[in-house]
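Fold and contact review
Listed below are the residues making up each chain.
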Amino acid sequence: MVRPSLARIGATGDGYATDRDPYWGSGFFIAPGWLLTSAHVVGKGGAGACRGESAMSVTWQERTAADAGQEPAVDPWRERTGTGTAVLVAPGPQDSRSLRDPWPFPDLALVRVSGADDVPCLWLGDREAGPRTPLGLYGWSVQTGELGLRNGTGELAGSDARALLLAGSQPVGGLSGGPVLDLRQGSVIGVIKGRRREEGVAVPVTALCELLDQRESRRAVREVLRAHDLYHASRLGSRSAHPDWATFRAALPGHVPSASAVGVELRTRLYGHLAQLPPPSGAGEVVHLVEDVKERVCGERLHSLLVRNVRTWREGAALLYGLRALEPGGGGTLVDLDAVLVYAAMVARRAAGGRAGRVDRERLRAFTTWINAQAAGHRSWAVGEAIRALLDGVSGPTGWREAAGGAAEAPAGSVCVEPTRLVGGAFAARTDVLVKVGAETYGRHPWSVQLIYDGKDVTPVDADERGVPAEELARVLREPLARALSQGDHGEHLAAVDVFLPRRLFDLPVDEWQLHPGPPGGSPGSGSVPGRHPEARESVRDADRDGRGAAGTAVAYDLDDDFEGDFEDDLDDERALPLGMRRTVVIREIRRNGREPSPEWRRRWKGALQGPLAHGTLHGRSPAEGHLAGTRAGGRYPFYGVLSAMGDARVPVYCGPVGRGEGYAAMRDALRSGHPVVLWRRDRHDHEECRDFHRQAADLLELARHADGLHGRVRELRIRLADPATARAHGLRGKIAVLIDPPDRPPYGAETMRPPPAAPDD
């Protein structure tokens, strides 16, 4: 099954080793005419090959029709060769001097191959494989001195940062770029990268979907994934000399009915339909839809303890495979088929609603007709009725009853669920982001990024207890913050960002941080922002060590994509905006949030919620006096008295930074006296500007009226201040920072814990 999809890559010519050694490595077809391989394999052709300026030779084998008179010893395989052009190489090189060995992650490349539209394609996995998964490794090799196919077996030993670790057969020279196959599921889970001293290393195939986050690679990756799913769906029931992967996979142990009620054919057809729809807006839309489906089917909201960084509809469906409705005492009933069909109906409903202008009505009609047909034959009348209600009016007049030829009755002994619970309305759960930066220890600040669901359920995204210097926080937090926000944004909800800081860092310009640094359309192929992980690079050596690697780049390519255009540019523009201009960004004090809230804090927060908010000064003097720059406040509690005497709805305002000097002391006393809301100006400025700043702060508080109204008003002010001409025309001053610190507490560990259902015996 694997052999017809394997290819070897080399310099243009006959593809065999010569004194120039034109053989570079392996690859495999994942869609008609599309080859997936390692970036360092393409890099052996130099910068020109990475940029798509010079071609490469791609050779594969196909089975010949044996003649009746042929001897059995005749080789039934013949070779074909096409010309390949790199469309995407990631990560991208900045210049010819950035050729590195070992190649950085994700170390992936997509190659367009002429004359290969009829080559059989492998099936890409839709979810991560677990430890000890039996694996097959495939590719071409010259290890024995002769160029030939090589395969071996092993198991998934674990992971290290972004790499998969392989035990058993070790990758050898030439295997780089070949597939790592899950032998239980029959799906590709990785691309061979190289080896360490005791283990092999592969790039997870999910890294291909991660490239959807990058402007330079999004279009090519989306086109290839779409072509992959459409190819496999078209192969179902077709007559061909090559058996289709769905038939092959259905007989594997990973697809027994006790593991999942969602059959291979149903998955393949579902993915083919999903590939025809506009893509989701981000991970948050998929993840929240999956959580909604779980609640509808299982009857309770069970948030995942892991961050699911999914980017496609197919990955969302895969999160539901094996789902069980928990029962008292453990165990549960397999309900994944119910969940997947409800998920499909909800995706179709969303496509017909928010994306009506970008969806092909005939394709949507075909999808809803297929879903109705599946619902008609479902064991549970309630599930079928719920799906019919979800699809009512979406597309296609044929309901599931008509598709079934009449009303379906629930079989005896089936589990019936109320249709109203499965249909319901849109769930109002919101997800926001918590960024926590600890106090300085030996010049470094520990940090963490978390998701919080409905203000109570907390899920970790990333953390570094060792920490980084304060000036490195913006760079280091960019990637985990972007990942968290992609999970939190869904529907009409933009995730808010609560940044917990020590008082010394209150002037950190968190509202000006950007998820995508620089203007859109910067250097191509720039890849992901460097993170803290070493990316398993210190001891990895590429399997093709003798070659000279070259960092790759995304190459401009004219692809036909129904869903691309200005929308993608707008999306990048939004991500490049400063955080505070697009979403709510507030500062909270990390130390007092680690203690039980004081009575003053609770009382003042209640007053701030009720309003109306009024202006006060943090230092207790007249606004015209401004702040005392460079002076040190005298006494142990210099401002506590005047701040304690303020009304509960009065907000202290300070015209200057609060991370040092008088502002630092005044902020300390404001927190001691229980103030939950403080406004200040964090940038340096002339003393004469303070009167105008206090005036605009007073106007802002008057318009906001109460604490909940502050978020939108502060964001509007930041937008106006970002434009110098607008700011001058309205007499606006400074860069405003806001502390909104309610005395709430997520109930860590307060939820009821139950054992997971037991895994079925194969």
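Residues numbered from 1 in each chain as written. Predicted model: local features only at pLDDT ≥ 70, side-chain atom pairs only at ≥ 80, totals over all residues. Heavy atoms only, no water.

The next point concerns the pattern of salt bridges. All chains considered together, the criterion is met by 36 salt bridges. Between Asp511 and Arg718 there is a salt bridge; the shortest N-O distance is 3.8 Å. Here Arg718 lies in helix α21 (residues 710-722) and Asp511 lies in the loop between β18 (497-501) and β19 (541-542), a separation of 207 residues in the sequence. Considered together, Asp511 and Arg718 belong to a single accessibility category, that of buried residues. Linking Glu596 and Arg602 is a salt bridge whose minimum nitrogen-to-oxygen distance equals 3.0 Å. With relative accessibility at 41%, the residue Arg602 sits in the partly exposed group. One salt-bridge network, held together by shared partners, links Asp511, Glu512, Arg682, Arg718 and Lys735. (Salt bridge = Lys/Arg side-chain N within 4 Å of Asp/Glu carboxyl O. Helix = DSSP H or I, 4+ residues; strand = E, 2+ residues; numbered from the N terminus. Buried < 20%, exposed > 50% of the residue type's maximum accessible area, 1.4 Å probe, protein only.)

At a minimum axis separation of 8 Å, helix α4 (residues 218-235) and helix α6 (residues 264-274) run at an interaxial angle of 135°. By the angle between their axes, α4 is oblique relative to α6. Note on packing geometry: the crossing formed by α4 with α6 is left-handed. Here α4 contributes Asp229, Leu230, His232 and Ala233 to the contact with α6, which in turn contributes Thr268, Arg269, Tyr271 and Gly272. Of the residues belonging to the contact of α4 with α6, the class tally is three nonpolar, three polar and two charged. (Axes fitted to C-alpha atoms, helices over the stretch in contact; angles between N-to-C directions. Parallel < 35°, antiparallel > 145°, perpendicular 65-115°, else oblique. Left-handed = near helix turned anticlockwise from the far one by under 90°. Contact = heavy atoms within 4.5 Å. Nonpolar A, V, L, I, M, F, W, Y, C, P; charged D, E, K, R; others polar.)

With that settled, the discussion passes to the packing of aromatic side chains. The full count for this structure, using the stated rule, is five aromatic pairs. A ring pair is formed by Phe29 and Trp60, whose centres lie 5.5 Å apart and whose planes are at 75°; its orientation type is edge-to-face. Placement of Phe29 in strand β2 (residues 23-31) and of Trp60 in strand β4 (residues 56-63) is noted, with a sequence separation of 31 residues between them. For Phe29, a relative accessible area of 0% translates into the label buried. We classify Trp60 as buried; its relative accessible area is 1%. The side chain of Arg267 reaches across the aromatic face of Tyr321, ending 3.8 Å from its centre. Its end group placed over the ring of Tyr664, Arg504 keeps NZ or CZ at 3.8 Å from the ring centre. (Phe/Tyr/Trp six-rings, centres within 6.5 Å; stacked < 30°, edge-to-face > 60°. Lys NZ or Arg CZ within 6 Å of the ring centre and 35° of its normal.)

Turning to empty space enclosed by the protein, a few remarks are in order. All chains considered together, the criterion is met by ten cavities of 30 Å³ or more. The computed volume of the largest cavity comes to approximately 80 Å³. Together, Leu124, Gly125, Asp126, Val205, Thr206, Cys209, Leu225, Thr312, Arg314 and Glu315 line the largest cavity. Broken down by secondary-structure element, the contributors of at least two residues to the lining of the largest cavity are α3 (206-210) and α8 (313-318). (1 Å grid on protein atoms, 1.4 Å probe; cavity = no way out; pocket = protein on both sides within 12 Å on 5 of 7 lines; lining within 4 Å. Points joined across faces, edges and corners; volume = space filled by probe spheres on them.)

What the rule picks out here adds up to one disulfide. Each sulfur of the disulfide joining Cys655 and Cys690 lies 2.4 Å from the other. In this structure the cystine formed by Cys655 and Cys690 twists about its S-S bond by roughly -85°; its chirality is therefore left-handed. Residue Cys655 is located in the loop between β22 (650-654) and α19 (661-672), and its partner Cys690 is located in helix α20 (residues 690-704); the two are separated by 35 residues in the primary sequence. (Disulfide = S-S within 2.5 Å.)

Of the voids in this model, the second largest pocket is the one considered here, and its volume is about 750 Å³. Residue lining of the second largest pocket: 31 residues in total, with Asp432, Leu434, Asp498, Arg588 and Asp744 positioned closest to the centre. Going through the elements one at a time, β15 (431-437), β18, β20 (585-589) and α21 are the ones with two or more residues in the lining of the second largest pocket. Tallied by class, residues from the lining of the second largest pocket come to 13 nonpolar, six polar and twelve charged.

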